[in-house]
Amino acid sequence: MSNGEQESWARVKERLRAEVGDDVYSSWFARMDLEAIEEGAVRLSVPTRFLKSWIQSHYAERVLACWQAQEGKVTRVELIVRSAVLRTAMLPKAKPDMGLDNGSRYTNGNGNGRPLSVGDPSVHEALGGSPLDSRLTFETFVIGRSNTLAHAAAKQVASAKRGDAVMFNPLYIHSGVGLGKTHLLQAVTWAGNAAGERKVLYLTAEKFMYGFVSALRTQTALAFKEALRGIGVLVIDDLQFLQGKSTQAEFCHTLNALIDAGRQVVIASDRPPSDLESLDDRVRSRLAGGLVVEMGPLGEELRFEILKARVLAARAHHPAFDVPLPVLGYIAKTVTHNGRDLEGALNRLLAHNKLTGHAVTLEMAEREVRDLIRPQEPKRVKIEDIQRVVARQYNVSRSDLLSSRRTANVVRPRQVAMYLAKTLTLRSLPEIGRRFGGRDHTTVLHAVRKIEGLVGNDMALAEEIEILKRQLQE
Ligand code: ADP
Ligand code: MG
């Protein structure tokens, strides 16, 4: 190769580096070499197939443009893998059997059954997305009072087009267990990928952690980050499980990078952003900066509608399965817990019906679902609610409770509120301290002990606290 060609190549690399930035340049192009220039065709080589396909799908045009800016006669850039040795060990492994009746039910949801990511199996593993359940779509999601807003927001996200202004970012959905978060998130993923506008990646927080950690181990962290940035919509389920300092730093990084780049982020968690204790303040405020929607408990009417829809769906496979409406009404009324228990109840009726051939009756239903009938699930109590209710009860303001004032008329209510926060929520002492104007956990502990000591002797206070508890749990 001539000196002139090598010189041109050096300039092209400089141009490329200037355009994509040092980080991107060093992760993707540092090991790219010039092999030959022949009649307007430039042949470049990289050491791995992964790099090749990544550069091809993400930077092909840019590389060509840089060449053309340098050498007007270049019309084509060809990319080859330097080593011709085929590493069979690196070929993607067959998917493990998910142990389900229907193997096709779980796929990565990008519509074509293939993994989302490019060649390299380690990145592929990290970014393949979590399994999706083909039944969890918008079509099977029943809308009711408690989920109207969450559903509308999810729909909006799923139908947005590439380049549309992002309306709320992130979309953050939270609720108690079994109320449809995963269902909505997977619906967004299915619908978004079917529309084909933007690549939607669904990950559980665990998968995010696992993916990142394993990517680090195989030293493709940069590749991982870069690949994540290629995602149009990132969906993360069960964010409360995100743990570990480095994972969080990475999550924060990814979140910022995606949001700043105008990519959509959708998150579900069992608590509001302010209650994600282990995350640092900046991440929490970033999470709270989009649209935060809570889904309430499934009302009886909604439960009834979900059951009806479920029976219809079951009849597609079991035409003889018939559940009289009064039975559905009974289940909707008594099995109050959550969507999962509703499903469990119907499954039992179906099993009983199939195994014995007996028709489903009210008596049978009463017998079969007896143990699913539980008292009303205790409400999730929030620290804000405690502060509000206590402040109202004692006629002080919420900011008094959070302030550093030490006058008796605020000290006692503050202690009561801290005590309730400790007994009615799962929050830790440091977290409670933080939520009460940044107090130390020892202060909270002191308050809790104080009130515990007092209620033993002071009947009036004990009763007051009982009333507050009842108000909060209703
Ligand atoms: P979460 O993720 O909030 O714990 P899931 O999304 O896993 O809850 O829902 C639990 C079960 O209840 C699933 O089978 C889901 O399909 C069902 N479910 C919950 N809400 C609805 C709804 N609005 N319409 C239809 N099914 C629902
Ligand atoms: Mg879930």
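Thresholds, definitions, all that
- Residues numbered from 1 in each chain as written.
- Chains lettered and ligands numbered in written order.
- Predicted model: local features only at pLDDT ≥ 70, side-chain atom pairs only at ≥ 80, totals over all residues.
- Heavy atoms only, no water.
- Pairing = 2+ DSSP bridges.
- Helix = DSSP H or I, 4+ residues; strand = E, 2+ residues; numbered from the N terminus.
- Axes fitted to C-alpha atoms, helices over the stretch in contact; angles between N-to-C directions.
- Phe/Tyr/Trp six-rings, centres within 6.5 Å; stacked < 30°, edge-to-face > 60°.
- Buried < 20%, exposed > 50% of the residue type's maximum accessible area, 1.4 Å probe, protein only.
- Contact = heavy atoms within 4.5 Å.
- Near = heavy atom within 4 Å.
- Polar contact = N/O pair within 3.5 Å; in protein donor to acceptor, adjacent residues only side chain to side chain.
- Areas by Shrake-Rupley, 256 points an atom, 1.4 Å probe, with all protein chains shown as cover.
- Nonpolar A, V, L, I, M, F, W, Y, C, P; charged D, E, K, R; others polar.

(A) Layout of the sheet that holds strand β10 (residues 291–294). Here we have five strands laid out as an open sheet, ordered β7-β8-β9-β6-β10, and parallel in their pairing. Of all strands in the sheet, those bounded by a partner on one side alone are β7 (200–204) and β10. Mean inter-strand twist for the sheet, computed between neighbouring axes without regard to direction, equals 15 degrees. Relative to strand β9 (residues 264–269), strand β6 (residues 171–174) runs parallel, the two being bridged by four bridges.

(B) Geometry of the packing of aromatic side chains. Evaluation of the coordinates by the stated rule reveals four aromatic pairs. Summarising the aromatic geometry, the rings of Y25 and F29 are spaced 5.9 Å apart at their centres and angled 40 degrees between planes, so their arrangement reads as tilted. Here Y25 and its partner F29 are both found in helix α2 (residues 22–29), four residues apart, which amounts to about one turn of the helix. Both residues of the pair, Y25 and F29, belong to the buried class. An angle of 75 degrees between the planes, with centres 5.2 Å apart, marks the rings of F29 and Y59 as edge-to-face. Within this pair, whereas F29 is found in helix α2, its partner Y59 is found in helix α3 (residues 49–70), the two being separated by 30 residues in sequence. There is no split in this pair, since F29 and Y59 are both buried.

(C) Structural detail: the packing of helix α19 (residues 441–455) against helix α20 (residues 459–473). At a closest axis distance of 8 Å, the pairing of α19 and α20 adopts a crossing angle of 115 degrees. Taking contact as the criterion, the partners of I451, L454 and V455 in α19 are, on α20, L461, A462 and I465.

(D) Geometry of the site of ligand 1. The immediate surroundings of ligand 1 are formed by 19 residues, with V142, G178, T182, H183 and R340 found nearest. One nitrogen or oxygen atom from the main chain of V142 is found 2.7 Å from a nitrogen atom belonging to ligand 1. Here an oxygen atom of ligand 1 and a side-chain polar atom of K181 are 2.8 Å apart. Relative to its free-state accessible area of 550 Å², ligand 1 is covered by the protein chains to the extent of 94%. Among the elements of the structure, α6 (181–195), α11 (300–317) and α13 (339–356) are those that each provide at least two residues to the shell around ligand 1. Broken down by class, the residue content of the shell around ligand 1 amounts to six nonpolar, nine polar and four charged.

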